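Analysis of the macromolecular model
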Amino acid sequence: MLTNASLFLYITVTLTFSGLSECRNNAALIIIDMQDCFISGGSLAVTGSDDIIPIINTIRDKYQDKWSMVVLSQDWHPTGHVSFASSHPGGQSSMTLQYSPKGQLCTSESINVSKFPDAISCQGIPDTKTLSQVLWPDHCVQNVTSGPSSASFAPRLKVEGDDVIIQKGTDREIDSYSAFFDNGGFGKTRLDDELRARGITHVFVTGVAADFCVYFTSLDAQELGYETYYVMDATKPVSDGTYKTATQNLAKKGVHLITTDMMPEIFKEMTQDHSGGHRPLGLSILLPLTIALMIEIVL
């Protein structure tokens, strides 16, 4: 027969775990490309990127009980990547690339197999896809850990051992702004699988650059069905013009454009949504049971 003390312990433990399972915030913090190559001194430094590192660290620490996981994306380009201006003669700032329906880079006057050995002739292949490619300085090169093109995470950025690191842009022949897909949508990273495996429903996106990788990651997250929050004061753009266009499009797609001072209220609303504004289901069912059992023991 249960004593009053053992019954109290049993009920307390049961209610605690029931409440936790009902009220858990299934939220992920996604930190995009906060790497040496994108901060001051980097080959593709984004203006103001150093300034958002403490903001991102604060978001991480202040709401650590809200994050079911923290994700860091890492640009991870092989040497001679198709997005590098040094891979193409002529000094142009952008170019047009063509891909087969299977995502194979098509040869052209400027794309040859000596530099891109997996490229193929797409002559006669229907339904090829054309992508506009900005050409950047060499940046975030695989296994480079110092200097302007280093792919290492920024030294002041807080990184922990259980963070999920998603490397992107690993294929020499196609770029990847989004942490979910390459630019043609031919291949995907493991990010979506990682989020779904952990039951994530809400993502908060930070990092650089606001008008490229943060933008496309947020756009894809929303299209994949995640409730997506683009944290405007925890990201910096390459250009004000593209930033304005990006934020306008995100808003049209239903992405929440927020600032860090809005986050306490957002988490409060998320908790209320989980519980429906009432006690968790576990409490509603088990509280009458607790009272009935206590009465039985007393009698």
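Refer to the preceding data block for the structure.
The following refers to the structure shown. Just so you know, these numbers come straight off a predicted model, no measurement behind them.

Reading the values: the criteria
Residues numbered from 1 in each chain as written. Predicted model: local features only at pLDDT ≥ 70, side-chain atom pairs only at ≥ 80, totals over all residues. Heavy atoms only, no water. Phe/Tyr/Trp six-rings, centres within 6.5 Å; stacked < 30°, edge-to-face > 60°. Helix = DSSP H or I, 4+ residues; strand = E, 2+ residues; numbered from the N terminus. Buried < 20%, exposed > 50% of the residue type's maximum accessible area, 1.4 Å probe, protein only. Pairing = 2+ DSSP bridges. Axes fitted to C-alpha atoms, helices over the stretch in contact; angles between N-to-C directions. Contact = heavy atoms within 4.5 Å. Disulfide = S-S within 2.5 Å. Core = buried A, V, L, I, M, F, W, Y, C linked by side-chain atoms within 4.5 Å.

1. Considerations on the packing of aromatic side chains
To describe a pair of aromatic rings, one takes the distance between the centres and the angle between the planes. With the rule as written, the count across this model stands at twelve aromatic pairs. Pairing Tyr99 with Phe186 gives two aromatic rings, centres 5.8 Å apart and planes at 45°, and the pair type is tilted. Here Tyr99 is found in strand β3 (residues 94-99), whereas its partner Phe186 is found in the loop between β5 (164-168) and α3 (191-197), with 87 residues between them in sequence. On the accessibility criterion, Tyr99 (1% relative accessible area) is buried. Using a relative accessible area of 28% as the deciding quantity, one classes Phe186 as partly exposed.

2. Focus: the sheet that holds β5
Read from one edge of the open sheet, six strands run β5-β2-β1-β6-β7-β8, paired in parallel fashion. Each edge of the sheet is formed by a strand with only one pairing partner; in this case those strands are β5 and β8 (256-258). Ignoring strand direction, the axes of neighbouring strands in this sheet form an average angle of 25°. Note that strand β6 (residues 202-208) and strand β7 (residues 227-236) share six bridges and pair parallel. What sits directly across from Phe204, in β7, is Tyr229. Helix α2 (residues 53-62) contacts β1 (27-32), β2 (67-75), β6 and β7 of the sheet and is inclined by roughly 140° relative to β7.

3. Topic: the state of the cysteines
For the coordinates displayed, the defined rule picks out two disulfides. Disulfide partner of Cys37: Cys140, at an S-S distance of 1.7 Å. Highlighted residues: Cys37 in the loop between β1 and α2 and Cys140 in the loop between β4 (129-134) and β5, separated in sequence by 103 residues. Assigned by exposure class, Cys37 and Cys140 land together as buried. Residue pairing for Cys106: its cysteine sulfur links by disulfide to Cys122, the two sulfurs lying 2.0 Å apart. The disulfide joining Cys106 to Cys122 has a torsion of about -80° about its S-S bond and is therefore left-handed.

4. Comments concerning the nonpolar core
If you look at the biggest cluster of nonpolar residues, it comprises 62 residues, and the most contacted ones within it are Met34, Trp67, Leu157, Leu195, Val203 and Phe204. Looking at this core element by element, the count peaks at six residues for β1. Apart from residues no more than four positions distant in its own chain, Phe204 is found in contact with Ala27, Ala28, Leu29, Ile30, Trp67, Tyr229, Val231, Ile258, Met263, Ile266, Phe267 and Met270.

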